[in-house]
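# Residue-level structural notes
Each chain, written out:
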Amino acid sequence: MDMLSWLSLAGICALGAMSPGPSLLIVLRCAAAGLRQGLACAIAHGGAIALYACLTAFGLAALVTHTPMLFAILQWGGAAMLVYLGWKALRAPAPTSSTAVNTPAPESVSVSRAALQGFGIAFFNPKVAIFFTALFSQFVSAEQMLSTKLGMAGLAAGIDAIWYALVALLVTLGSGRGWLSAGAAHRLQQVFGGLLLGLAARLVFSL
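Report follows, based on the coordinates. (Residues numbered from 1 in each chain as written. Predicted model: local features only at pLDDT ≥ 70, side-chain atom pairs only at ≥ 80, totals over all residues. Heavy atoms only, no water.)

### What about helix α1 (residues 3-18)?
Selection criterion: Helix numbers and strand numbers start at the N terminus; a helix is a DSSP run of H or I with at least 4 residues, a strand a run of E with at least 2. Expected helix span is given by 1.5 Å per residue-to-residue step, counting one fewer step than there are residues. Only protein chains enter the accessibility calculation, which uses a 1.4 Å probe; a residue is then buried when its area is under 20% of its type maximum, exposed when over 50%, and partly exposed in between. In this context, the arc is that of the directions from the helix axis out to the C-beta atoms.
Helix length check: α1, at 16 residues, gives a terminal C-alpha distance of 22 Å against a target of 22 Å (1.5 Å per residue), a fit within 8%. Within α1, the full set of buried residues consists of Leu-9, Ala-10, Cys-13 and Ala-17. Seen along its axis, α1 keeps its buried residues to an arc of 100°; they face one direction. Every exposed residue of α1 that faces more than 90 degrees away from the buried side is listed here: Leu-4, Leu-7 and Leu-15.

### Points about the side chain of Thr-133
The criterion, for reference: Polar contact is the term for a pair of N or O atoms within 3.5 Å; when the atoms are in protein, one must be able to donate a hydrogen and the other to accept it, and sequence-neighboring residues count only if both atoms are side-chain atoms.
Its location among the elements puts Thr-133 in helix α7 (residues 126-134). Within polar-contact distance, the side chain of Thr-133 engages the backbone oxygen of Ala-129 at 2.8 Å.

### Some points on a nonpolar patch on the surface
What counts is decided by this rule: A patch consists of residues whose relative accessible area exceeds 30% and which take part in no salt bridge; residues with like charges are grouped when within 9 Å of each other, and nonpolar side chains (Val, Leu, Ile, Met, Phe, Trp, Tyr) when within 5 Å. To be clear on the numbers: accessible area is Shrake-Rupley with a 1.4 Å probe, and residue cover counts the displayed protein chains and nothing else. A carboxyl oxygen of Asp or Glu within 4 Å of a side-chain nitrogen of Lys or Arg is what we treat as a salt bridge.
A contiguous nonpolar surface patch, about 710 Å² in accessible area, is contributed by Leu-35, Leu-39, Ile-43, Ile-162, Leu-166, Leu-169, Leu-170 and Leu-173. Considering every element that reaches the nonpolar patch, the biggest residue donor is helix α8 (residues 146-176), with five residues. Relative to the helices and strands, Leu-169 is located in helix α8.

### Overview of the packing of aromatic side chains
The line we're drawing: Under the pairing criterion, centres of Phe, Tyr and Trp rings, with the six-membered ring standing for Trp, must be within 6.5 Å; the plane angle then separates stacked pairs below 30 degrees from edge-to-face pairs above 60, leaving the rest tilted.
Scanning the entire structure with this criterion turns up six aromatic pairs. Here the aromatic rings of Phe-131 and Phe-132 are separated by 5.2 Å at their centres, their planes lie at 90°, and the arrangement is edge-to-face. For the pair Phe-131 and Phe-132, one class covers both residues: buried. Among the aromatic residues, ring-to-ring pairing joins Tyr-52, Phe-119, Phe-123, Phe-124, Phe-131, Phe-132 and Phe-136 into one connected group.

Put into C-alpha cells, the structure is as follows:
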C-alpha cells in the first residue's frame, strides 16, 4: 500500500476507536479502579482488535458476519457480557464512612479481570465485526504480502490501545488530583452499570 492508503486506514481506525460505546464505558470503569487496570483493559482491547484485523486480512471475519448462527452467537454473547458487567457495576460496594474525601475508590477490579473485560467487550461486540468486514476489508487484497497484512493489524490494534490508554490515563490523573472522590467514583460505577444494562437491553431488542 502507498502512504495515502496507510494514512486513510489509520484515520478510519482512529474514528472507529474513538466512537463512544460499551468499550469506552468498560475502560472508564476499569480506569476508575486504577491506572494498571485501565491500561490492562486498553491493551487487551487492542489485542481483540488485532485478532479481528487478522481475521479480516485472511477473509475469516466475513464468514462470521455472513453466517447467521455465528453472528447470533456473537450478538447474544455481547448482550450477556454487558448484562454481567452492568450488574457487577451496580453491585459494587459503596465506600465506607472512614474513606477520605479525596482518596480514590478502593480497587474493585483486578488487573487480570480488567484485561479479560477489555478483550471480551471488543471480541463480543458485533459492531466491531461489522466495522472490520465493511471498512477495514476495503484495504485488504489477496495479493498483499503477509508482512503488510500483519502491519495493518498492528496499526489497528496500536491505534485502539493507545486511544484507550490515553482515556485511562486521563481518568487516573483526575483521581490523583481529587477530581474523582471515593463517593463520586462509586456513583460513576452505578451510572456505568445502568448504561451497560441499557446497552444490553437495546442489543437484545434489536435481535
